[in-house]
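# Commentary on secondary and tertiary structure
What follows is each chain in one-letter form.
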Amino acid sequence: MSMNDAHLLIVDDDERIRELLKKFLMRSGFLVTAARDAAHARRVLAGLDFDLIIMDVMMPGEDGISLTKSLRESMATPILLLTAKGETDDRIAGLEAGADDYLPKPFEPKELLLRVNAILRRMPDTTTQDSAPKVLHLGAIRYDIERGEMWQGDELLRLTGTESQLMKIFSAQPGEPVSRTKLVEDLGRDRGQAQERAVDVQITRLRRKIEPNPKQPQYLQTVRGAGYMLAPD
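Residues numbered from 1 in each chain as written. Predicted model: local features only at pLDDT ≥ 70, side-chain atom pairs only at ≥ 80, totals over all residues. Heavy atoms only, no water.

The protein chain carries the name Response regulator in an unreviewed UniProt entry, which gives Leisingera caerulea as its organism.

Adjacent strands of a sheet form backbone hydrogen bonds with each other and so pair up, either parallel or antiparallel. Strand order across the open sheet formed by five strands is β2-β1-β3-β4-β5, with parallel pairing between neighbours. The strands lining the two open edges of the sheet, one partner per strand, are β2 (31-35) and β5 (101-104). When strand polarity is set aside, the average angle formed by the axes of neighbouring strands in this sheet is 20°. Alignment of strand β4 (residues 79-83) against β5, held across four bridges, turns out to be parallel. Residue pairing in the sheet places Leu 80 in a bridge with Asp 101 of β5. Here helix α4 (residues 88-97) sits on the sheet in contact with β4 and β5, set at roughly 160° to β5. (Pairing = 2+ DSSP bridges. Helix = DSSP H or I, 4+ residues; strand = E, 2+ residues; numbered from the N terminus. Axes fitted to C-alpha atoms, helices over the stretch in contact; angles between N-to-C directions. Contact = heavy atoms within 4.5 Å.)

Any two side chains of opposite charge can pair, given that their charged atoms come close. Enumeration over the complete set of coordinates arrives at 14 salt bridges. With its nearest N and O atoms 2.8 Å apart, the salt bridge here joins Asp 186 to Lys 182. Remark: Lys 182 and Asp 186 occur in helix α7 (residues 180-186); sequence separation between them is four residues, near one turn of the helix. On the basis of relative accessibility, which here comes to 34%, the residue Asp 186 falls in the partly exposed class. (Salt bridge = Lys/Arg side-chain N within 4 Å of Asp/Glu carboxyl O. Buried < 20%, exposed > 50% of the residue type's maximum accessible area, 1.4 Å probe, protein only.)

We now examine the UniProt feature "modified residue: 4-aspartylphosphate" (unreviewed entry) in the protein chain. Mapped onto the present numbering, the UniProt feature "modified residue: 4-aspartylphosphate" (unreviewed entry) falls on Asp 56. Structurally, Asp 56 can be placed in strand β3 (residues 52-56). Every residue in contact with Asp 56, bar those within four places of it in the chain, is listed here: Val 11, Asp 12, Asp 13, Gly 64, Leu 82 and Lys 105. (UniProt positions renumbered as here; feature names shortened; annotations may be inferred.)

What follows deals with the confidence of the model for the protein chain. Per-residue pLDDT for the protein chain averages 86, and the proportion of residues at 70 or more is 91%. Predicted confidence is poor over residues 126-133, with pLDDT under 50, and the contacts of this stretch with residues over four places away or in other chains come to three contacts. (pLDDT = per-residue confidence, 0-100.)

Right, dumping it as structure tokens:
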């Protein structure tokens, strides 16, 4: 795996740090998804595979060490923990829970990059035998994120340009509602109610392709007051 193909998940409840890390790592050539807490991370991990998880130890609700321990029961994805300065107990507990490395805060972004690259270099290169695409499962439908292709069994489902764009937007943040205004913006449309209604029509058409019962959507859900959300299996 070349470093630039690696997909990283950042889990941190501090939005400022989350966005800074995301921007820095994306500029360094990584594909990056962010989650705001353990519960959000679990939803994202249910639908996507990652090459490395960067996780803050101190989070409200379930903390990073507990999440690491739990994830280790079912996955071997490397985990880098961000610990508070001087919290030696956290570091030891983190490594015992199954983390691959830790980085005490505050740290220089370059130091994070060195740690990330070092961990990824340690991972066996499985791309030759198993170039498993990043795939979301929506019942009988499979959506290949990298190729932007939707399959039902052996049949490739045809998506319009707008439907493809919508799937790209939703699959970048599964389990996370996207507002109609944001969808209008991401689709490059002018703002306004007419455009939001046009998005509703596109969503209805997309549901006909992915939902067993489009009138009771299971995978492309309406979240009252928040917009639409892709909920993969």
